[in-house]
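Close look at the chain arrangement
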Amino acid sequence: MLVDVTRQKYPFSLPDLPYAYDALEPHFDQKTMQLHHREHHATYVKKLNEALAKEDALHQLTLAQLLRDPAKLPDAVRAAVVNNGGGHVLHDLFWNSLEPAPAKEPQGALAQALNASFGSLAEFRKQFSDAAARHFASGWVALTVEYASKKLAIEELKDHAVPRPGDKTAVLILDVWEHAYYLKFQNRRPEFIEAFWKVVNWGHAGEVFGNATSAR
Ligand code: MN
């Protein structure tokens, strides 16, 4: 089942993780998962709600609608909505990109599309890992699919920039902010990236890709 916080409206809420905090051990550690979800992600949701508390006119909009055209947001709340709303969307995608006992490889249409776009699964992983390792400062690396062209791409997202709602979505995403790995891996981001491949939820990625490429 795809639960997607982009459909939430004010007041926004933090979904539980779809697995226990220690379920991704030994690859992703319990303490980092707890802090990351209960403190970092929860704080983005809290600050998003605080920013919108007095903006009654925005309360009927979904998070996707709020983030689609930030230029249309009131000046006073634009940065807070982009940063914290983006953080809410991206962390939700991230938790759903992970799984305790994952399949080793993608299947079906996603596997075919990765081969067609990148030559092989190994080459896709290499390019994604390279992008994640080199991304400077805080941000994310995502495998995205554009609805119109159905094209896959590896994208670096700065801070909490989101793939534009309605145009594309992330099939798979990795948080490379330091808070995502520093407790366990310190400065060794490449080890964190290797751990990520051990817990990638290819089933969910395939489901997102299938919905994005068939329903339109
Ligand atoms: Mn994070």
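Data block above holds the structure.
Summarised in this report is the structure supplied together with it. Residue positions within a chain follow its written sequence, with the count starting from 1. In view of the model being predicted, local features appear only for residues whose pLDDT reaches at least 70, and side-chain atom pairs are presented and counted only at 80 or more, with totals across whole chains, interfaces and linings using the full set of residues. Side-chain measures were taken over the full set of non-hydrogen atoms in the model, leaving aside hydrogen atoms and water.

**Some thoughts on helix H7 (residues 189-198)**
- Looking at H7, one finds that the buried residues are Arg 189, Phe 192, Ile 193, Ala 195, Phe 196 and Trp 197.
- Looking at the buried residues of H7, the elements they touch are helix H5 (121-134), strand E3 (168-175), helix H6 (182-185) and helix H8 (202-214). Throughout this description, buried means an accessible area under 20% of the type-specific maximum (1.4 Å probe, protein chains only), exposed means over 50%, and partly exposed covers the range between. Each helix is a run of H or I in the DSSP string that is no shorter than four residues. Each strand is a run of E no shorter than two, and both are numbered from the N terminus. Here a residue-residue contact requires only that any non-hydrogen atoms of the pair lie within 4.5 Å.

**Some points on helix H1 (residues 30-52)**
- By definition here, a helix of n residues has an expected span of 1.5 Å times n minus one. When the terminal C-alpha atoms of H1 are compared, their 32 Å separation across 23 residues agrees well with the 33 Å that a helix rising 1.5 Å per residue should span.
- The quantity called bend is, for any residue, the angle between two axes fitted respectively to the seven residues ending at it and the seven beginning at it. Residue His 36 marks the point of greatest curvature in H1, where the axis turns by about 30°.
- Turning to H1, its buried residues are Thr 32, Met 33, His 36, His 37, His 41, Tyr 44, Val 45, Leu 48, Asn 49, Ala 51 and Leu 52.
- Buried positions along H1 lie against helix H2 (63-68), helix H3 (75-96), E3 and H6.

**Considerations on the pattern of salt bridges**
- For salt bridges, the criterion is a side-chain nitrogen of Lys or Arg within 4 Å of an Asp or Glu carboxyl oxygen. Counted under the stated rule, the structure contains 11 salt bridges.
- Between Glu 50 and Lys 46 there is a salt bridge, with its nearest N and O atoms 3.3 Å apart. Of the two residues, Glu 50 and Lys 46 are both situated in helix H1; the distance of 4 residues between them amounts to about one turn of the helix.
- In this structure Glu 50 comes out as partly exposed when scored by relative accessible area, which is 48%.
- Beyond isolated ion pairs, a larger network of salt bridges with shared partners links Arg 68, Asp 69, Lys 72, Arg 164 and Asp 167.

**Focus: unusual backbone geometry**
- The step from Tyr 10 to Pro 11 runs through a cis peptide bond, and the omega angle for that step is -5°.
- Summarising the element assignment, Pro 11 is placed in the segment before H1.
- Residue Pro 26 follows Glu 25 across a cis peptide bond; omega there is 0°.
- Structurally, Pro 26 can be placed in the segment before H1.
- Despite not being glycine, Ala 137 has its phi angle at roughly 65°, a positive value.
- For Ala 137, a relative accessible area of 47% corresponds to the partly exposed category.

**Comments concerning the coordination of the manganese ion**
- Only nitrogen, oxygen and sulfur atoms within 2.8 Å of the metal, or 3.2 Å for Na, K and Ca, are treated as donors, and water is left out, so sites may look incomplete. Those protein atoms acting as donors to the manganese ion are His 36 (NE2), His 91 (NE2), Asp 175 (OD) and His 179 (NE2), and they sit at 2.0 to 2.1 Å.
- Taken in sequence order, the residues that donate to the manganese ion follow the motif H-x54-H-x83-D-x3-H. Here His 179 lies in the loop between E3 and H6 and His 36 lies in helix H1, a separation of 143 residues in the sequence.
- Of the residues examined, His 179 reaches a relative accessible area of 18% and is grouped as buried.

**Considering the sheet that holds strand E2 (residues 152-158)**
- Whether two strands pair comes down to DSSP finding at least two bridges between them. Here we have 3 strands laid out as an open sheet, ordered E2-E1-E3, and antiparallel in their pairing. Both outer strands of the open sheet, E2 and E3, are each paired with one neighbouring strand and no more. Adjacent strand axes in the sheet meet at a mean angle of 30°, parallel and antiparallel pairs treated alike.
- Bridge count for strand E1 (residues 139-146) against E2 is 7 bridges, and the pairing is antiparallel. The residue of E2 that forms the bridge with Ala 142 is Glu 155. Whenever a helix is involved, its axis is fitted only over the stretch in contact; in every case the axis is a line through C-alpha atoms, and angles between N-to-C directions fall within 0 to 180 degrees.

**Remarks on the nonpolar core**
- Counting residues in each nonpolar core, the largest one holds 64 residues, and the members touching the most others are Phe 28, Leu 98, Phe 124, Leu 152 and Trp 202.
- The element that contributes the greatest number of residues to this core is H3, accounting for 7 residues.
- These domain boundaries are the output of an automatic or database domain assignment. Lining this core are residues from two domains, each supplying at least three of them: domain 1 (28-96) and domain 2 (108-214).
- Those residues within four positions of Trp 202 in sequence are excluded, and the remaining contacts are Ala 103, Lys 104, Glu 105, Pro 106, Leu 110, Leu 114, Leu 121, Phe 124, Leu 172 and Trp 197. What makes a nonpolar core is a set of buried Ala, Val, Leu, Ile, Met, Phe, Trp, Tyr and Cys residues whose side-chain atoms join them at distances within 4.5 Å.

**Description of the pairing of E3**
- Where burial is concerned, most of E3 is hidden: 7 out of the 8 residues are buried.
- Across 7 bridges, the pairing between E1 and E3 is antiparallel. Following the sheet pairing, Trp 140 is matched in E3 by Asp 175.

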